[in-house]
Amino acid sequence: MPTMRGDAMRGLAVFISDIRNCKSREAELRRINKELTNIRQRFRADKTLDGYQKKKYVCKLLFIFLLGHDIDFGYMEAVNLLSSNKYTEKQIGYLFISVIMNSSTEMKQLIIQNIRNDLQSRNPIFINLALQCVANIGDREMAVAFTNDIPRLLISGDTIDAVKQSAALCLLRLHRTSPDSLQLNTEWTARIIHLLNDQHLGVATAAVSLIDALVKRNPDEYKGCVNLAVSRLSRIVTSSYTDFQDYTYYFVPAPWLCVKLLRLLQNYPPPDDPSIRSRLNECLDTILNKAQEPLKSKKVQHSNARNAVLFEAINLIIHMDCESSLLVRACNQLGQFLQNRETNLRYLALESMCLLAASEFSHEAVKKHQDTVINALKSERDVSVRQRAVDLLYAMCDRSNAQDLVQEMLTYLETADYTIREEMVLKIAILSEKYAVDYKWYLDVMLKLIRIAGDFVSEEVWYRVIQVVVNRTDVQSYAAKIAFEALQAPACHENMVKVAGYILGEYGNLIALDPRSTPIIQFDLLHSKYHLCSPTTRCLILSTYMKFVNLFPEIKHHIQDILRHDSNHRSSDVEIQQRATEYLKLSEVCNPTVLATILEIMPPYPEKQSPLLVRLKQKKPLTEPEGVTESQSPPPPTTGHNGDGPKLTETALHLNQQHQQQQNGLLLSLDTPESNGYYEESTSKPSSSTLQSAKKFLFKNSDILFENDLIQIGIKGETIKSTIHIELYYGNKTTLQLTNFSTNIFALGELESELRINMEPVKSTIDPRAQSKQTGTIDCLADFRDLPMMNISFLYNNMLQKIDCPFPIYINKFIEKAEMDSNNFFLRWRNLEKPSQECQKIFPAKFPMIHEDCRQKLDDFGWSCLMGIDVNAENFCGAGIIHTTSQAIGCLYRLEPNKQANMYRLTIRASKDGVANRLVELLDDQF
Amino acid sequence: MLQFILLFSRQGKLRLQKWYTTQTDKSKKKITRELIAAVLSRKPKMSSFLEWKDLKVVYKRYASLYFCCAVEQDDNELLTLETIHRYVELLDKYFGSVCELDIIFNFEKAYFIFDEFILGGEIQETSKKSVLKAINDQDVIQEEELEEKRSVLEDLGLA
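Within an unreviewed UniProt entry, the label attached to chain B reads AP complex subunit sigma, and the organism entered is Adineta steineri. Looking at the Subunit (unreviewed entry) heading of the UniProt record, one finds this comment for chain B: "Adaptor protein complex 1 (AP-1) is a heterotetramer composed of two large adaptins (gamma-type subunit AP1G1 and beta-type subunit AP1B1), a medium adaptin (mu-type subunit AP1M1 or AP1M2) and a small adaptin (sigma-type subunit AP1S1 or AP1S2 or AP1S3)." You can read under Sequence similarities (unreviewed entry) in the UniProt record for chain B the words "Belongs to the adaptor complexes small subunit family."

Going by the annotation in an unreviewed UniProt entry, the name recorded for chain A is AP-2 complex subunit alpha, with Adineta steineri given as the source organism. Looking at chain A in UniProt, the text filed under Function (unreviewed entry) is "Adaptins are components of the adaptor complexes which link clathrin to receptors in coated vesicles. Clathrin-associated protein complexes are believed to interact with the cytoplasmic tails of membrane proteins, leading to their selection and concentration."

Here's what the structure looks like:
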């Protein structure tokens, strides 16, 4: 048996040995159950257990838990250990709580009380135990409980360094779990920032992480940290590794602190102050220089630590995206790594280069490494590295190298790992379309793509091929020719049949004069595939046949025979049967002129964003070739064209549905008839569905407020009494920067005196694919009815965009739950008996009448849902207080479902006139 | 920010787990199971990084034990590797050439070392000396408290 440190708990060691000696899983289980029974008995019977024994048993439980068993007792004993005056007992108590009880709410108050006692201890090692516990399991309640104690420990001059370190990260945990419960006094800001300068490197290391999180929430308040971070960084990178003693890691001075500082700086734009900026540039220069120095040690730890700092510096350089010399140097450095023998470095270099490829300063420099990257694609043994190489080729692609890169990717695709094929297919499809100079080339690539990776060609990809062909009259006969040729292959992928079938149906006439592809040959060829295809494909082919009836009247009888055939006319597949029947009838009753009108060729599709980009973004939200704007891409189909093959109507529908899912179904898409002007100056007005979705916010504290192709706006709110803290997130969905971005949230009319809106200014630009955050508060001064309005405007591609929509702050956001017993409830209910205080409405149910759903909605609305108050258990009662700055308005409700009639009766009473009416209005269409 | 750290053996047995975000026991077990399988299936020459859901996983094998950290997208992979290494160094120094058994039998110490080195998912103290001093101080207290207990027992004539 190995030695236990300090020979602390013999019984525990014996138990662990026993477990390890068990020959089978069953034996182990028996031994564990025996031990659990023993511990349970000890805890139950032996009231005189001393601290040591409790500690030992709690430790055994912990061990059993770590073996993967559930532990449902011993919690009380563990919590008891917290109040022991023995350090080791306390420590085990805290460990148990941190490992096992992290989400349980039982005994939370007891734990908090114990932590509070320890925080007030004179003994720093006790304080640290308490802080570590909070850092491990801190939650909202702890954030509220320690909102003063812990910050004080952090900034007090009396606190020892070790406690400061723990306090900083403890605050970070609380900040992350419940930012709004933790109210940091703004007077502390400067002192917190100054921890960056602390002479103890450990304190600085811990503090940067806290500051980083605080900066993300409130960049302006903390912007003083930029200066300090730059100077601290500069002191580290310019000094010798011997200056930092134990903080030097394998000859690299303080790598953890360096990396954290470099990340902190990525929260801000490049410093405005020229002296700070040049100092920062010097730092970055120095880090790049050091990468060229010979290694000081052969150990991988040395190079890893050095390169960790280097990669983070490169991240910062990319983030600033303004110093072309640094960007090009970074690119050259990464280029060297591409040839390094360490797989890790090659992987990371490829990843970082993707970002560099997106910068106009370094795009060309990245392209120099094209051959190396292509080589990586061929020779790397690790699939994840090859994946990175694909990403990079995609990112570095432009008009000048597209043909080569697409060819290389196609070659690789034949042997590529199955896991990345679908994504590669998408990328190849996008690149070959974006950079097609000659659309014949595009079609060649696409048909080859279907040939070599047909299974991985998603619907979007082949729809797209068809859209391109339909929209470009110059390639239609070529398309028909190669589609026909592709069909001649003996084993032809079903996706190929679909594409070829569709194209021949539209443009087969363009090659019909060629004796090798006369109408009857086309038809026979296509029909030779018919029986091998799935019903959906057969439906498409039937439409093609119908189009042939119009294009090639001479083979009409062949086609009618097919349609009449039992396998179609009486197909068990309803869709096939219907098409066969209808097409047959159509071919019989219509004269050629009518047929020609019905079966006219497809009109061009309207321009819109490529569904392939949408699809790729779903798969991977990152890379996109530089300089490609969505407006260059040809269009996906829309619904409602007459005369298209029925199947395509469906596919078109399908595409649109996908698109709308992408938009969360929240808003009008930009291709509705009223606004087909395509991104021209457009004011997006909310449709009724937006209002409805805005009403969803009644029951939620976060939601998507607005979304279109350019921008997504998310909202989060948290109310404390009469103030709601709002966080708005503006996500730029495009590949261009949004500029002149401004927002205005305002109250009109009466509302002006009822709400005080106080939003922080928002950054005037949003980078491509980046998010900008705006925070602010709204105070409720008096009860209100109307909604504030939100106006947003920005320039996208130099075109002004405006969005106006109501801002969904309803009165219920200021409700606080009120719990009370039955007596109290009815006492209050009776006190509010004036007619103006009550509002009652009977309304039909809009949703299935499920008890739990109602309860949840009422709970989410903000007031309490009191159980056992109403004699009828089906009914709901509850209460809440609406906080305004001037008064608190009590409100009570009763909701009575009538399942037979499928109706509800809602009665609300409120202490202020008119409020009950407003609340009923909000709720009467929500159940 | 570190999301969690797992230590598991080549046979896939979990030896230590440290979670820095709140998770239910069920999801912990699921994540552990999936991740162990993913890491064990990797071949030796592959990179130490793994894209996993929306996290990045950084792992390294020391003798029979895998050390595996999940970090967020913007975290630094190479530094995470060195975070693992520093933890291994701390264990090694503390136990004196650490082996898997040390961690099994002294799992609580392995946790205490974590809390001195990493807190709330962020590096707290990178100095080996400082961390080990904190742990050794704890051992001294443990020793003193044991002494007290022995002397009480001796007084009672039980030792």
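Q: Even after reading the chapter, I still don't get the overall build of chain B, so can you show me in this structure?
A: When helices and strands are tallied, chain B shows five helices and seven strands. Reading the secondary structure of chain B in the N-to-C direction produces β-β-α-β-β-β-α-α-α-β-β-α. Burial analysis of chain B (159 residues in total) assigns 60% to the buried set. Carbon and sulfur atoms make up 54% of the accessible area of chain B, which amounts to about 6,500 Å² in all.

Q: Looking at this model, I keep getting lost on the interface of chain B and chain A. Mind explaining?
A: By convention, interface size is frequently given as the accessible area that disappears when the constituent parts associate. Taken residue by residue, the interface counts 65 residues in chain B and 74 residues in chain A. In this assembly, chain B packs against chain A so that about 6,300 Å² is buried in total across both faces, 53% of it on carbon and sulfur atoms. Area buried by chain B at its contact with chain A is led by Leu78, Phe105 and Phe107 of chain B, which between them contribute 11% of it. Counting every contact that joins chain B to chain A gives six salt bridges. Two residues, Asp75 of chain B and Arg263 of chain A, come together in a salt bridge whose shortest N-O distance is 2.6 Å. If you list the elements that add at least two residues to the side of chain B that touches chain A, you get β2 (14–19), α1 (25–40), β3 (49–52), α2 (77–95), α3 (100–105), α4 (107–117), β7 (122–123) and α5 (128–155) of chain B. No other element matches the 13 residues that α5 of chain B contributes to the side of chain B that touches chain A.

Q: Before we go on, may I ask you to explain the packing of helix α30 (residues 556–564) of chain A against helix α32 (residues 574–589) of chain A in this structure?
A: The angle between the axes and the distance between the axes are what describe a pair of packed helices. Residue and element names in this part refer to chain A. Put simply, α30 and α32 touch, their axes get as near as 9 Å, and they point 150° apart. Considering only the axes of α30 and α32, their crossing is left-handed. Packed against α30, whose contacting residues are Lys556, Gln560, Leu563 and Arg564, the element α32 presents Ala580, Tyr583, Leu584, Ser587 and Glu588 at the interface.

Q: Help me understand the confidence of the model for chain A, please; the structure alone is not making it clear to me.
A: Interpretation of this model should avoid reading the predicted coordinates in detail wherever pLDDT is low. Residue and element names in this part refer to chain A. With 90% of its residues at a pLDDT of 70 or more, chain A shows a mean pLDDT of 85. Mean pLDDT values over the elements of chain A span from 31, in helix α35 (residues 646–662), up to 97, in helix α14 (residues 255–265). Note that pLDDT drops below 50 for residues 621–692; the model gives that stretch 174 contacts with residues more than four away or on any other chain.

Q: In this structure, what is going on with the sheet that holds strand β4 (residues 702–707) of chain A? I would like to understand it.
A: Within a sheet, neighbouring strands are paired by backbone hydrogen bonds and run either parallel or antiparallel to one another. Residues and elements named next belong to chain A. Within the open sheet, the five strands sit side by side as β4-β5-β6-β9-β8. Their pairing is antiparallel. Edge strands, defined here as strands with exactly one partner in the open sheet, are β4 and β8 (755–759). Direction aside, the axes of adjacent strands within the sheet are offset by 25° on average. Pairing analysis gives five bridges linking β8 to strand β9 (residues 771–780), with the strands arranged antiparallel. When the sheet's bridge partners are listed, Ile757 is paired in β9 with Ile778.

Q: Looking at this structure, how should I read the pairing of β2 of chain B?
A: Side-chain direction in a regular strand flips from residue to residue, so the side chains alternate between the two faces of the sheet. Across the six residues that make up β2 of chain B, a large majority, five, are buried. Counted between consecutive antiparallel strands, the loop separating strand β1 (residues 2–9) of chain B from β2 of chain B contains four residues, among which Gly12 of chain B sits at a positive phi close to 90°.

Q: Would you take a moment to explain the sheet that holds strand β13 (residues 838–844) of chain A for this structure?
A: Residues and elements named next belong to chain A. One open sheet accounts for five strands, arranged β12-β14-β15-β16-β13; its pairing is antiparallel. The two strands at the open ends of the sheet, each matched to only one other strand, are β12 (815–818) and β13. Direction aside, neighbouring strands of the sheet carry axes that sit 25° apart on average. In the packing of helix α38 (residues 822–831) onto the sheet, contacts are made with β14 (876–883), β15 (888–898) and β16 (903–910), and the angle to β15 comes to roughly 105°. The strands that helix α40 (residues 915–923) touches are β12, β13, β14, β15 and β16; relative to β16, the one it contacts most, it runs at about 150°.

Q: I'm lost on helix α17 (residues 324–337) of chain A in this one. Help?
A: For an α-helix, the turn length of 3.6 residues means that residues three or four places apart are oriented alike. Residues and elements named next belong to chain A. With 14 residues, α17 should cover 20 Å at 1.5 Å per step; its first-to-last C-alpha distance of 20 Å lies within 8% of that length. Among the residues of α17, Leu326, Leu327, Ala330, Cys331, Gln333, Leu334, Gly335 and Phe337 are the ones counted as buried. Against α15 (274–292), α16 (300–320), α18 (343–357) and α19 (363–367) lie the buried residues of α17.

Q: Honestly, unusual backbone geometry in this entry has me stumped. Any pointers?
A: Most peptide bonds take the trans form, and the phi angle of most residues other than glycine is negative. Residues and elements named next belong to chain A. For Phe251, which is not glycine, the phi torsion reads 70° and is therefore positive. Following the sequence through the fold, Phe251 ends up in the loop between β1 (248–249) and β2 (252–253). By relative accessible area, which is 33% here, Phe251 ends up partly exposed.

Q: It is not clear to me how the pattern of salt bridges should be interpreted in this structure. Could you clarify?
A: Following the criterion strictly, the structure yields 60 salt bridges over all chains and no others. Two residues, Glu408 of chain A and Lys378 of chain A, come together in a salt bridge whose shortest N-O distance is 3.5 Å. Here Glu408 of chain A, found in helix α22 (residues 402–413), pairs with Lys378 of chain A, found in helix α20 (residues 370–379); they are 30 residues apart in sequence, far enough to count as distant. The salt bridge partner of Lys109 of chain B is Asp139 of chain B, with a shortest N-O separation of 2.8 Å. Highlighted residues: Lys109 of chain B in helix α4 and Asp139 of chain B in helix α5, separated in sequence by 30 residues. Across the pair, exposure class does not vary: Lys109 of chain B and Asp139 of chain B are buried alike. One continuous salt-bridge network, built from bridges that share partners, spans Arg388, Asp391, Glu423 and Lys427 of chain A together with Glu51 of chain B.

Q: Just checking my understanding: could you explain the nonpolar core for this structure?
A: Buried together is how nonpolar side chains tend to be arranged in soluble globular proteins. Core analysis: the largest hydrophobic core is formed by 283 residues, its most contacted members being Phe96, Ile115, Ile150, Ile192 and Tyr545 of chain A together with Tyr87 and Phe107 of chain B. Shared between two domains, this core holds at least three residues of each, these being domain 1 (9–100) and domain 2 (473–602) of chain A. Other than its neighbours up to four places away in sequence, Ile192 of chain A contacts Leu154, Ile155, Leu184, Leu210, Ile211, Leu214 and Tyr222 of chain A. Counting 63 residues, the second-largest nonpolar core is a separate cluster that includes Ile766, Phe784, Ile809 and Ile811 of chain A.

Q: Where do I start with the side chain of Arg909 of chain A in this structure?
A: Residue and element names in this part refer to chain A. Relative to the assigned elements, Arg909 resides in strand β16. Accessibility expressed as a relative area gives 13% for Arg909, which makes it buried. Side-chain polar atoms of Arg909 contact the side chain of Glu838, separated by 2.8 Å. Not counting residues within four places of it along the chain, the set of residues in contact with Arg909 comprises Trp829, Arg830, Leu832, Glu833, Gln837, Glu838, Gly890, Cys891, Leu892 and Ala916.

Q: Would you mind showing me how to read the packing of aromatic side chains here?
A: Pairs of aromatic rings are described using the distance from one ring centre to the other and the angle between the two planes. One pass over the full model with this rule turns up 33 aromatic pairs over all chains. Relative to Tyr463 of chain A, the ring of Trp462 of chain A lies with its centre 4.9 Å away and its plane at 75°, an arrangement referred to as edge-to-face. The same class applies to Trp462 of chain A as to Tyr463 of chain A, namely buried. When the ring centre of Tyr394 of chain A is taken as reference, the NZ or CZ atom of Lys427 of chain A above it lies at 5.2 Å. Geometry around Trp52 of chain B places Lys53 of chain B over its ring, the cationic atom sitting 4.6 Å from the centre.

Q: Before we go on, may I ask you to explain the state of the cysteines in this structure?
A: Residues and elements named next belong to chain B. As enumerated under the stated definition, the model contains zero disulfides over all chains in all. Cysteine Cys69 remains unbridged, with the sulfur of Cys68 as its closest cysteine sulfur at 7.0 Å. The exposure class of Cys69 is buried, given its relative accessible area of 3%.

Q: Please clarify how the side chain of His883 of chain A should be interpreted in this entry.
A: Residues and elements named next belong to chain A. You can see His883 is positioned in strand β14. For His883, a relative accessible area of 12% gives the class buried. At 2.7 Å, the side chain of His883 and the side chain of Glu816 are in polar contact. Sequence-distant contacts of His883, defined by excluding residues within four places in its chain, comprise Lys721, Ser722, Cys780, Phe814, Glu816 and Ala888.

Q: How do you make sense of the confidence of the model for chain B when you look at a structure like this?
A: Residues and elements named next belong to chain B. In the predicted model, chain B carries a mean pLDDT of 92, and the fraction of residues at 70 or more is 98%. Ranking the helices and strands of chain B by mean pLDDT puts strand β5 (residues 65–71) first, with 97, and α5 last, with 86. Among the prediction metrics, the complex's ipTM stands at 0.95, with pTM recorded as 0.69.

Procedures and definitions
Sequence order sets the numbering: in each chain, residues are counted from 1 along the sequence as written. Labels follow written order: the first chain is A, the first ligand is 1, and so on. Whole-chain, interface and lining totals are the exception, using all residues; otherwise, since this is a predicted model, local features are given only for residues with pLDDT of at least 70 and side-chain atom pairs are given and counted only at 80 or more. Here the side-chain values reflect all heavy atoms present in the structure, with hydrogen atoms and water set aside. UniProt positions are given in the numbering used here, feature names are shortened, and annotations may be inferred rather than shown by experiment. Secondary structure elements are taken from DSSP: a helix is a run of H or I of four residues or more, a strand is a run of E of two residues or more, and numbering for both begins at the N terminus. Summary of the burial criterion: residues with accessible area below 20% of their type's maximum are buried, those above 50% are exposed, and those between are partly exposed, where the area comes from a 1.4 Å probe applied to protein chains only. Only the protein chains shown count as cover for residues, with accessible areas throughout obtained via the Shrake-Rupley method and a probe of 1.4 Å. Should any heavy atoms of two residues lie within 4.5 Å, those residues are considered in contact. Simply put, the buried area is the total loss of 1.4 Å probe accessible area from both parts when two parts are fitted together. A pairing counts as a salt bridge when a side-chain nitrogen of Lys or Arg comes within 4 Å of a carboxyl oxygen of Asp or Glu. Axes here refer to lines fitted to C-alpha atoms; in helices the fit is confined to the stretch in contact. Angles between the N-to-C directions go from 0 to 180 degrees. By definition, turning the near helix anticlockwise from the far helix through less than a right angle yields a left-handed crossing, and turning it clockwise yields a right-handed one. How sure the predictor is of each residue is captured by pLDDT, a score from 0 to 100. At least two DSSP bridges between two strands are required for those strands to pair. By this rule the span expected of a helix is its residue count minus one, scaled by 1.5 Å. As used here, the term nonpolar core means buried Ala, Val, Leu, Ile, Met, Phe, Trp, Tyr and Cys residues forming a set that is joined through side-chain atoms within 4.5 Å. Note that the domain bounds were set by an automatic or database domain assignment. The term polar contact refers here to a pair of N or O atoms within 3.5 Å; inside protein, the definition further demands a hydrogen-donor-capable atom paired with an acceptor-capable atom, and it admits residues adjacent in sequence only when both atoms are side-chain atoms. Here is the rule: rings of Phe, Tyr and Trp (six-membered ring for Trp) pair when centre to centre is within 6.5 Å. Planes less than 30 degrees apart are stacked, more than 60 are edge-to-face, and the remainder are tilted. Look at NZ for Lys and CZ for Arg. If either is within 6 Å of the ring centre and within 35 degrees of the ring normal, a charge sits over the ring. Put simply, a disulfide is two cysteine sulfurs that come within 2.5 Å.

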